[in-house]
Structures are given as structure tokens and as C-alpha cells.
Amino acid sequence: MCKDSNKKFSTNVNFCDGAQSKGLNVRFTKSCDNDCLFCIDKLGAKDLGEKSTSEMVESTLKSGRKEILILGGEPMLRLQRVKDYIVGIRKHVEKIYITTSLPWNMQQDVELTSEVMELIDCLNVSLQSTDNQENNKALRASNKYDRIEFLQTLIQKYPNKIRINLNLISGFIDTADKLREALGFLNKIGCTDVKIVEMQDATPFYVSFEKIMNVKFPSAYSYGCHQDISAHFPLKGTKVLLKRSCFVMSEKVKAKPIDLFKVLLKFFKRVKVENPIVYENACVYNGWL
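Visitor: I tried to follow the packing of aromatic side chains on my own but got confused; where do I start?
Guide: Counting across every chain of the model gives 9 aromatic pairs. Among the aromatic residues, ring-to-ring pairing joins Phe 209, Phe 217 and Phe 233 into one connected group. The ring of Tyr 221 has Lys 262 lying over it, and the distance from NZ or CZ to the ring centre is 4.4 Å.

Structure representation (C-alpha cells):
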């Protein structure tokens, strides 16, 4: 099961602080079959050129990191390459996660998809709506097959390996009623793990969880952007987490005095954050390009 934990005030509480020292992000490919207006990778580096699977494996193992998050672009467009890469690292790491929007080829090649699922610890599925047409509209999907139906089949087969990243997006899930309805649907189809996500670097689409739910939480920047909020949604068998954006990641979030204090602390402590990223060219960079 994917896990997150709550934190107290710290200069080392979030991933961007370097808190998750075991973690390694791997941008497996820049390619994607969708064209989301809110895609954070649109602001990232252009396609750097895909190197061989063996080179990707070598760079990953040299990093020494034990928890690997494979993302893109859309990594599952490269199903066989993803499987070969995972086989190469599986014995040397502790956890392997993949983030995906369930591209059409996963449904077309169920056998290969199953082989990948057997090898990983968690598949993070990004959803903008539990209504298929609305989800495809948000994705501006090139292939409008029924991802929700396919998701149900995956959950039935791998109930403890699926986490839903339920994105709060203006025009889609942007009210308390819509959020509760989506969570109720996911609970009904057997989803055991949901992470509600506020948008980053996508100001026009940002929706505040606190605002739509009329609640107040400590600063995400200073106290941790991940927290368990299952108590707000008493759904039997479903854990609900929240990933909030801070003032660094969204113009609509204002810095609090405690945040400015943390900024000063980090400056005077000269905190050096190690955030290694392996790109599709098999090179390792400290931070996103």
C-alpha cells in the first residue's frame, strides 16, 4: 500500500526539502497521448532523447535511491520498455511506483500490463473526473476509450496496488459536492487509496481544498503538503490523503509568516537539497529541468 505521513514544522518536511531521501523520480519519456492544459511537464524540459533501457537502469542504480517513481509524459505508452527497466532494477530497490493516466495501449495489451503490475508496488492513476467523458475532456485525450471502465478491472484484480490521484481542477472537480460524489464512486468500485491533489504551476485551474470544504489546515510549506484526511470522508475501506500546493507552487496560495521564517532558516542554515531526477536520456540532474 502506498503511504504518506503527517509532519510537524520543519525545514525538512516536504519532498522539495529533501525529506524523502530514498526517492528518485524517473521521467521515462516526454511523449504523451494527451494534451492537458494543466500539465506540469509542459513547463519542463523538451524531449532529451531516449537512451537504452540498460543505460536507464545503470543511472538508476548508481543513484543509490531505493524508492523509484516512474512518470512522464506518459510512461505506460512504453509498456515493454517500462517492463524491461523494472526487471533491471527490481532486485536492487525497495519500492517502485508508476504514475499514469491509463493510455489506450494498456487495455489493448492486458497481458503485458499485468506483467508490469505484478512487478510494481503501486500504480498512481491520475483522474480529473470519475465520469469518462469528462475525464477525457480534461485530458484532451487523443484516444477517448473508457478509462474508467478499465480502471475498475484493474482495481478488481489489484485492489491494493492502485492509488487514485484525484486532481482538483477548475471546471471539473471544483466543489465539495463533486468531490464527495467522486470519492463515493471510487469507494463503490473498491478503491482503497485516494490522494486528492491541488494543481501546481497551473494557476487558472487551481482549486483550494480548504476553500471548497470550508476547513483550515496548517501551512503546507512549513508543516507538510501531504496529510491523511480520511476523517473528513468516512468511507469504509478507503484511505483519503491530501496533497496541497504551497506558495512556491501556486500563485493563488499566499505565504504565511511561518513560511517566511522557514525560508530564512533554510537560507542561514544553507540547506542543500538533493532531489535527483533521471531523465529519458539516462542523465541524472539535481532537480527538474
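Visitor: Can you help me understand the sheet that holds strand 6 (residues 193-198) in this one?
Guide: In a beta sheet, neighbouring strands pair by backbone hydrogen bonds and run either parallel or antiparallel. In spatial order, the strands read 7-8-6-5-4-3-2-1-9-10; together these 10 strands make up an open sheet with mixed pairing. Each of the sheet's edge strands pairs with one partner strand only, and the pair in question is strand 7 (226-228) and strand 10 (284-286). The sheet shows a mean angle of 25° between the axes of neighbouring strands, taken without regard to direction. Bridge analysis of strand 4 (residues 122-127) against strand 5 (residues 162-168) gives 5 bridges, and the strand direction is parallel. Of the residues in strand 5, the one forming a bridge with Leu 123 is Ile 162.

Visitor: Where do I start with a nonpolar patch on the surface in this structure?
Guide: Residues Leu 264, Phe 267 and Phe 268 make up a contiguous nonpolar surface patch of roughly 390 Å² in combined accessible area. Note that Phe 267 resides in helix 10 (residues 257-269).

Visitor: What is the right way to read the side chain of Asn 136 from this model?
Guide: Relative to the assigned elements, Asn 136 resides in helix 5 (residues 132-139). Asn 136 has contacts with Ala 141, Asn 143, Lys 144, Tyr 145 and Arg 147, leaving out every residue within four places of it along the chain.

Visitor: Any chance you could explain the environment of Ile 148 here in plain terms?
Guide: With respect to the helices and strands, the residue Ile 148 is situated in helix 6 (residues 147-157). The exposure class assigned to Ile 148 is buried, which follows from its relative accessible area of 5%. Between the C-alpha atoms of Ile 148 and His 92, which are 56 residues apart in sequence, the distance is 34 Å.

Visitor: Which parts of the structure should I look at to understand the pattern of salt bridges?
Guide: Pairing is possible between side chains that carry opposite charge, provided their charged atoms lie close to one another. Across all of its chains, the model carries 13 salt bridges by this definition. The salt bridge involving Arg 27 is made with Glu 280; its shortest N-O contact spans 2.6 Å. Taken as a pair, Arg 27 in strand 1 (residues 23-27) and Glu 280 in the loop between strand 9 (276-278) and strand 10 lie far apart in primary sequence, 253 residues in all. We note that Arg 27, like Glu 280, is buried. The shortest N-O distance in the salt bridge between Asp 41 and Lys 30 comes to 3.3 Å. Taken together, the residues Asp 41 in the loop between strand 1 and helix 1 (53-63) and Lys 30 in the loop between strand 1 and helix 1 connect sequence positions 11 residues apart. Given a relative accessible area of 23%, Lys 30 falls into the partly exposed group. By sharing partners, the salt bridges in this structure join Arg 27, Lys 30, Asp 41 and Glu 280 into a single network.

Visitor: Sorry, what's going on with the layout of surface pockets here?
Guide: Here the idea is plain: a probe the size of a water molecule rolls over the atoms and shows the empty space left. Its volume calculated, the second largest pocket comes out at about 330 Å³. In terms of lining, the second largest pocket is formed by 21 residues, of which the most central are Ser 208, Glu 210, Arg 244, Val 253 and Lys 256. When contributions to the lining of the second largest pocket are tallied by element, the ones reaching two or more residues are helix 8 (209-213) and helix 9 (220-223). Class assignment of the residues belonging to the lining of the second largest pocket gives a composition of 8 nonpolar, 4 polar and 9 charged.

Visitor: How do you make sense of unusual backbone geometry when you look at a structure like this?
Guide: Trans is the common state for peptide bonds, and a negative phi is the common state for residues other than glycine. Following Gly 72, the chain continues to Gly 73 via a peptide bond in cis, the omega torsion being 15°. Positionally, Gly 73 belongs in the loop between strand 2 (67-71) and helix 2 (79-89). Phi at Asn 214 takes a positive value of approximately 55°, unusual for a residue other than glycine. Within the secondary structure, Asn 214 is located in the loop between helix 8 and helix 9.

Visitor: What should I look at first to understand the pairing of strand 5 in this one?
Guide: Looking along a regular strand, one sees the side chains alternate between the two faces of the sheet. Across the 7 residues of strand 5, 7 count as buried, placing the element largely inside the fold. Neither face of strand 5 is left uncovered, since the one carrying Ile 162, Ile 164, Leu 166 and Leu 168 and the one carrying Arg 163, Asn 165 and Asn 167 both have all their residues buried. The pairing of strand 5 with strand 6 spans 5 bridges and is classified as parallel. Bridge pairing in strand 6 links Leu 166 to Ile 196. Once the chain exits strand 5 it traverses helix 7 (residues 176-188) before rejoining the sheet at strand 6, and the crossover so formed is right-handed.

Visitor: Any chance you could explain the packing of helix 1 against helix 2 here in plain terms?
Guide: Any two packed helices are characterised by the angle at which their axes cross and by the distance between the axes. Helix 2 packs onto helix 1 with a crossing angle of 40° between their chain directions and a minimal axis gap of 9 Å. Compared by their axis directions, helix 1 and helix 2 come out oblique. Once helix 1 is placed against helix 2, the crossing between them reads as right-handed. In this structure, helix 1 contributes Thr 53, Met 56, Val 57, Thr 60 and Leu 61 to the contact, and helix 2 contributes Arg 81, Asp 84, Tyr 85, Gly 88 and Ile 89. Tallied by class, residues from the contact of helix 1 with helix 2 come to 5 nonpolar, 3 polar and 2 charged.

The rules behind the values
- Residues numbered from 1 in each chain as written.
- Predicted model: local features only at pLDDT ≥ 70, side-chain atom pairs only at ≥ 80, totals over all residues.
- Heavy atoms only, no water.
- Phe/Tyr/Trp six-rings, centres within 6.5 Å; stacked < 30°, edge-to-face > 60°.
- Lys NZ or Arg CZ within 6 Å of the ring centre and 35° of its normal.
- Pairing = 2+ DSSP bridges.
- Helix = DSSP H or I, 4+ residues; strand = E, 2+ residues; numbered from the N terminus.
- Axes fitted to C-alpha atoms, helices over the stretch in contact; angles between N-to-C directions.
- Patch = residues over 30% accessible without salt bridge, like charges linked within 9 Å, V, L, I, M, F, W, Y side chains within 5 Å.
- Areas by Shrake-Rupley, 256 points an atom, 1.4 Å probe, with all protein chains shown as cover.
- Salt bridge = Lys/Arg side-chain N within 4 Å of Asp/Glu carboxyl O.
- Contact = heavy atoms within 4.5 Å.
- Buried < 20%, exposed > 50% of the residue type's maximum accessible area, 1.4 Å probe, protein only.
- 1 Å grid on protein atoms, 1.4 Å probe; cavity = no way out; pocket = protein on both sides within 12 Å on 5 of 7 lines; lining within 4 Å.
- Points joined across faces, edges and corners; volume = space filled by probe spheres on them.
- Nonpolar A, V, L, I, M, F, W, Y, C, P; charged D, E, K, R; others polar.
- Right-handed = clockwise from strand over helix to strand, strands pointing away.
- Parallel < 35°, antiparallel > 145°, perpendicular 65-115°, else oblique.
- Left-handed = near helix turned anticlockwise from the far one by under 90°.

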